Amino acid sequence: MNDVILKARGVRKRFGDTEVLKGIDLDVRSGEVLCVIGPSGSGKSTLLRCFNHLERIDAGRVWMDGELVGYEQHGPSGRVLRERRARDVRRQRERIGMVFQRFHLFPHRTAVQNVMEGPVAVKGRPRAQAEKQARKLLADVGLADRADHYPEQLSGGQQQRVAIARALAMEPALMLFDEPTSALDPELVGEVLGVMRDLARSGMTMVVVTHEMGFAREVADRVLFMDRGAVVEAGSPDLLFTDPRHDRTRAFLSTVL
Amino acid sequence: MNHQKIPGSAPGGEPDVIRADEAPQEDDLSLQVTGRPRPGRWLAVLAAALFAVWLAYTIIVNPNLHWDIVAKYQFDGVILKGLGVTIQLTLVSMVLGIAIGIVVAVMQLSDSPVLRLTAGAYTWFFRGTPLLVQLIFWFNLALLFPVISIGIPFDGPKLISWQSNQVITGFVAALLGLSINEGAYMAEIVRAGIQSVDPGQREAGASIGMSNRQILSRIILPQAMRVIIPPFGNQFISMLKTTSLVSVIAGADLMTVSQHLYLANFEVVALLLVASLWYLVLTTIATIGQHAVERRYSPGAAPVLRSRILANLLPGRTKKGAAA
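Residues numbered from 1 in each chain as written. Chains lettered and ligands numbered in written order. Predicted model: local features only at pLDDT ≥ 70, side-chain atom pairs only at ≥ 80, totals over all residues. Heavy atoms only, no water.

We apply this condition: UniProt positions are given in the numbering used here, feature names are shortened, and annotations may be inferred rather than shown by experiment.
The name given to chain B in an unreviewed UniProt entry is Polar amino acid transport system permease protein, with the source organism recorded as Streptomyces atratus. UniProt's Sequence similarities (unreviewed entry) comment on chain B is quoted here verbatim: "Belongs to the binding-protein-dependent transport system permease family." UniProt's Subcellular location (unreviewed entry) comment on chain B is quoted here verbatim: "Cell membrane".

Looking at an unreviewed UniProt entry, chain A carries the name ABC-type polar-amino-acid transporter, with the source organism given as Streptomyces atratus. Here chain A is described in UniProt, under the heading Sequence similarities (unreviewed entry), as follows: "Belongs to the ABC transporter superfamily." UniProt, in the comment section headed Catalytic activity (unreviewed entry), describes chain A in these words: "a polar amino acid(out) + ATP + H2O = a polar amino acid(in) + ADP + phosphate + H(+)".

Here is the structure:
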């Protein structure tokens, strides 16, 4: 089995009075596709956002490549988790790509400019080189002929594919997908899932929060079921979809399958 | 409405009688589509035109309005110099105002309570006191601080010192007053603009490793412009005329020189007209510029001014130019 690339232990997060993550343990291995499923409000998206420190955590630890994400151990015996310098957090985020439910493309930039933004602004790449790479990535997601369109001129499915290319342009070691097809019209879901399937086949490590059970079943190496801020069970898609051990998993699957 | 039956017309007073045998076939696609006719609008145009002609007539033939004096001073060297100062004051204080506004807006939205409070106090004070008071205050800064120095505070040794009266000329006081006051208003405009941008944009920038400064300058501000530009245009046009306030501190602007002239020759109305005509020229140019910039920053959103008047009068014309 491959090395663990992302590790979470005892991750807790509360918003006001509600605890949305109640101690999550998780390992993601290099090259693995992990799909996270569960009812709305079960904490799936929040967990994903803790992985690249878009969300501060209240307890627990997340490691990426063996390095604590967002925090560093401090104090005499390292018992204080102090937030890292912004510069270090940025360096960590470069390694982790993220695709959002509502795309969040930069509306004032064309598709190719969206994809170039990270390499040019963050990595300091020359524009010509970044543009060449961006056009290649857009071709990979099937949008070579849409490279010079603005996001508002693209369909939702095309926008989401540009967003995937934008994240890939930073050459991340891990890709996070936060319900990437939930904001799409049904007929556009397939093209985005197709791109994600290709990406999985190319060996990218992926954590995908999704409601697309068909995709999870086909592409995932492991499926993790979350409910009310906790991991209920995890396992191979064949096992989890056909023979879930917990009643809650069974109840959830019966509503979505 | 007239419900009287006109001989030969259909019931209801419809002017156009359509006989069944002349009516176009259902599959006839050559019919022209129009809106309702608007006779009331043409009446209003006529009334407004008559009023305008009357107004122009009474002003032009008024013997108390010395047009020869207006003509003599409109392009007078002193007036033109004042005009130059007005343009200079407007441009420089707007540029400084925006710079201050952006900094203060970012401070107001920062995590640090110290920065938020400082920014809040600044806008509270400079929006809360009259600009006229601020201008007079800056001009008379020497009364409060006779010497301006750089060095150790609290009576420590000083590196370099100036006499306030020499540094704070009318122009400098005017610039200080106008730009610091404008900064307070611009801060609110910029803040509203920044807050109008979807928070997801910030997260998208952060997720590819951009710094807060990069996110602000490359992602947030360009999008905030859409919201900032229209009120900014307003502020600019307003500033063109607000500069006339500096006449109280001998700012040497258009208004100040006009005042000096009419205090000498008593042609008050003529010289006010000279100044007003120049202000109108400046604001007209600024308005045209504002529309151009608005079109640039929101493609398709800004209506085209010249066609709007016609479009409102002619029925059946659709706004096909709006998407251009």
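This is not the end of the story, as more comes after the structure.
1. Concerning the overall build of chain B
Note the following rule: Here a helix means four or more residues in a row that DSSP labels H or I, a strand means two or more in a row labelled E, and each is numbered from the N terminus. Partly exposed residues are those whose accessible area sits between 20% and 50% of the maximum for their type, while under 20% is buried and over 50% is exposed, using a 1.4 Å probe and protein chains only. Residue contacts are counted whenever heavy atoms from the two residues lie within 4.5 Å of one another. The accessible surface values rely on the Shrake-Rupley method and a 1.4 Å probe; as for residues, cover is taken only from the protein chains in view.
Broken down by element type, chain B carries 13 helices and two strands. Relative to its 324 residues, chain B shows a buried fraction of 33%. Put simply, 69% of the contacts in chain B that link residues at least 6 apart link residues at least 24 apart. Accessible area for chain B stands at about 20400 Å²; split by element, carbon and sulfur atoms hold 66% of it.

2. Observations regarding the UniProt feature "transmembrane region" (unreviewed entry) in chain B
With numbering aligned to this structure, UniProt lists the feature "transmembrane region" (unreviewed entry) at residues 42-65, 85-110, 131-154, 160-181 and 268-288 of chain B. Helix makes up 92% of residues 85-110 of chain B and strand 0%, with an end-to-end C-alpha separation of 37 Å.

3. Re the UniProt feature "domain: ABC transporter" (unreviewed entry) in chain A
Sequence positions flagged by UniProt for "domain: ABC transporter" (unreviewed entry) are, in local numbering, residues 6-253 of chain A. Annotated as residues 6-253 of chain A, this span is 37% helix and 28% strand, and its ends, taken at the C-alpha atoms, are 27 Å apart.

4. Considering the packing of helix H5 (residues 131-139) of chain B against helix H8 (residues 170-195) of chain B
Residue and element names in this part refer to chain B. Definition in use: Only the contacting stretch of a helix is used when fitting its axis, a line to C-alpha atoms as for every element, and angles between N-to-C directions run 0 to 180 degrees. The cut-offs work like this: below 35 degrees is roughly parallel, past 145 is roughly antiparallel, 65 to 115 is roughly perpendicular, and the gaps in between are oblique. Two helices crossing with the near one rotated counterclockwise from the far one by less than a right angle form a left-handed crossing, whereas a clockwise rotation gives a right-handed crossing. Each residue is assigned to one class: nonpolar for Ala, Val, Leu, Ile, Met, Phe, Trp, Tyr, Cys and Pro, charged for Asp, Glu, Lys and Arg, and polar for all the others, Gly among them.
It is at 8 Å that the axes of H5 and H8 come closest, and there the two elements cross at 140 degrees. It follows that H5 is oblique to H8 by the angle criterion. H8 is crossed by H5, and the crossing has right-handed handedness. Mapping the contact onto sequence places Leu-131, Gln-134, Leu-135, Trp-138 and Phe-139 in H5 and Gly-170, Ala-173, Ala-174, Leu-176, Gly-177, Leu-178, Ile-180 and Asn-181 in H8. Residues belonging to the contact of H5 with H8 are distributed by class as follows: nine nonpolar, four polar and no charged.

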